[in-house]
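# Geometric and topological summary
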Amino acid sequence: MTGGGLLIAGTTSDAGKSVVTAGVCRWLVRQGVKVAPFKAQNMSLNSFVTREGAEIGRAQAMQAQAARVEPTALMNPVLLKPGSDRSSQVVLMGKPVGELSARGYHGGRQEQLLGTVLDCLAELRGTYDAVICEGAGSPAEINLRRTDIVNMGIARNARLPVLVVGDIDRGGVFASFFGTVALLSREDQELVAGFLVNKFRGDVSLLEPGLEMLHGLTGRRSYGVLPFQHGLGIDEEDGLRVSLRGAVRESEVTSPVGEDILRVAVCAIPLMSNFTDVDALAAEPGVVVRFVDRAEEVADADLVVIPGTRGTVRALEWLRERGLADAVARRAAEGRPVLGICGGFQVLGEHIEDEVESRRGHVEGLGLLPVRVRFAREKTLTRPVGEALGERVEGYEIHHGVADVTGGETFLDGCRVGAVWGTHWHGSLESDGFRRAFLREVAAAAGRRFVPAAGTSFAALREEQLDRLGDLIEEHADTDALWRLIESGAPSGLPFIPPGAPA
């Protein structure tokens, strides 16, 4: 028996597809429904490693947590990791299979992946009561419809009903809803069941006449109006604007336990990946996290973090061009804290040999850690567990660079020299005991009377956030109608809205 399904599409990128998908998953699992998330193709530099060593988008990993299931490669069979404006690494079923230009991918490779994507979805639907799929961008990107495997392409092949989410906070949501449907072919329109308004501020009764008119114009109903709430978001796709919008990132800084706050500056390097590593720092009372791109902001902070990147050599050049490299070196000389994670760890080393990512060969690093990095063609994808600063630590690794550590104190898989730390481990700061021990070291080196709060649990905060997303669906969506859609598919007889697009 095939389980029910639903595709959450959006009028635009960042309309709220990821959070709505997570919210629906959490609502369903609380009703006793066995549910899984799915995104056929994700373009993101925020990725995660599953227990079987597969790389998938972090959004799908968090949606799996919302569904209370273990994330697997089936939930995100195709992951595109941009390496420039024109090319991306293609990760298929959790493993990298090559680098392709946008033209090369949409020119044929994408269509070849449709069978794999449909097989993954079918396997999930054969295992779960419901599969909640997330689209990408907009389903009305008519220039890409022929090769689409993530929006209407998969909806049509798998006969999935489609719910279109629109961000009313941006304005123009009614035109976006109508235009999205009207630019789809007749066959695609038959699957678009209705709309979900996201991020509404104010009195819903003022919105109702517009929703009624939209129903009259399209024959499609609204499935709910979700109010704007601060601090809602999961580990989404890319961009600094997105990174500053998540739960712990957007919330007000809680008063410190000790006398001082702790200021953290995260270098906003090009092709920044897994910027979510610093969310656990921002969750600590009294810790202020900012993304920066100026040398004076680096000089002023108590801790500087150089995060991961898909372009280590490019990030190194960017740090030098902007004067941040010199500012970081001065901090190291003064014994002031610096943390490099993954690509950020690599730039802190003595030199890099790269014939894989940038193909630039020998490149001098910042020379702040006794480390030599060589890029291997095979990607390291692991879930290590270890100990540092007397505390248990869990993390995950996603990198081509192989580090040869020749000195310093051992620090996870990297090293420490004075107040400069480096590691390939993403997610290590989510280990509460380790994070508190690390912040105590940082505070001491920075001369700050900062004391980590004893009871902060990052895992509990994440669960609380997912519950809030579930509450949002339960309280503000028509859940009976939503379940009928998941179980039975799109209503029959939905009208065609001209002009449509070619079939």
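Here, every reference points to the structure presented above.
Report on the accompanying structure.

Rules used throughout
Each chain carries its own residue numbering, running from 1 in the written order of its sequence. Confidence filtering applies because this is a predicted model: local features only for residues at pLDDT of at least 70, side-chain atom pairs given and counted only at 80 or more, and all residues used for totals across whole chains, interfaces and linings. With hydrogens and water stripped out, all remaining heavy atoms of the structure feed into the side-chain values. Ring pairs are drawn from Phe, Tyr and Trp, using the six-membered ring of Trp, whenever the two centres fall within 6.5 Å, and their geometry is named by plane angle: stacked under 30 degrees, edge-to-face over 60, tilted for the rest. Here a strand is any run of E in DSSP of at least two residues, a helix any run of H or I of at least four, and the numbering for each starts at the N terminus. Relative accessibility decides the category of a residue: with a 1.4 Å probe and only protein chains considered, values under 20% of the type maximum give buried, values over 50% give exposed, and everything between is partly exposed. Definition of nonpolar core: a set of buried residues of the types Ala, Val, Leu, Ile, Met, Phe, Trp, Tyr and Cys, connected through side-chain atoms within 4.5 Å. For two strands to be treated as a pair, DSSP must find at least two bridges joining them. Axis angles are defined between N-to-C directions and span 0 to 180 degrees, where every axis is a line fitted to C-alpha atoms and, for a helix, only to the segment in contact. Roughly parallel means an angle under 35 degrees; roughly antiparallel means over 145; roughly perpendicular covers 65 to 115; every other angle is labelled oblique. Throughout, a crossing is termed right-handed when the near helix is turned clockwise from the far one, and left-handed when it is turned anticlockwise from it by less than a right angle. The contact criterion used is simple: two residues touch if any of their non-hydrogen atoms lie within 4.5 Å.

### A look at the packing of aromatic side chains
Two numbers describe a pair of aromatic rings. These are the distance of the centres and the angle of the planes. Taken as a whole and judged by the stated rule, the model has 6 aromatic pairs. Geometrically, the ring pair formed by Phe-275 and Phe-291 is edge-to-face, given 6.5 Å between the ring centres and 85° between the ring planes. With Phe-275 in the loop between β14 (272–273) and α11 (279–282) and Phe-291 in strand β15 (residues 287–292), this residue pair connects regions lying 16 residues apart in the sequence. Of the residues examined, Phe-275 reaches a relative accessible area of 3% and is grouped as buried. Taking relative accessible area as the criterion, Phe-291 reaches 14% and is therefore assigned buried.

### Some remarks on the nonpolar core
With 79 residues, the main nonpolar core has Val-20, Leu-28, Val-35, Phe-38, Ile-132 and Val-162 as its most contacted residues. At 8 residues, the largest contribution of residues to this core is made by helix α1 (residues 17–30). Residues Ile-269, Leu-324, Val-420 and Leu-429 belong to the second largest nonpolar core, which totals 67 residues.

### A closer look at the sheet that holds strand β16 (residues 303–306)
Read from one edge to the other, the open sheet built from 7 strands follows the order β15-β13-β16-β18-β27-β26-β25, with strand pairing classed as mixed. Two strands in the sheet have a free side with no partner beyond their single neighbour: β15 and β25 (409–411). Direction aside, the axes of adjacent strands within the sheet are offset by 20° on average. Pairing geometry for β16 and strand β18 (residues 338–341), over 3 bridges, is parallel. Bridge pairing links Ile-306 to Gly-340 in β18.

### Let's talk about the packing of α1 against helix α2 (residues 58–66)
Look at α1 against α2: their axes get within 8 Å of each other, and the N-to-C directions meet at 20°. The orientation of α1 relative to α2 falls into the category roughly parallel. Along this stretch, α1 crosses α2, giving a crossing that reads as right-handed. Across from Ser-18, Thr-21, Ala-22, Cys-25, Arg-26 and Val-29 in α1, the residues of α2 making contact are Ala-59, Gln-63, Gln-65 and Ala-66.

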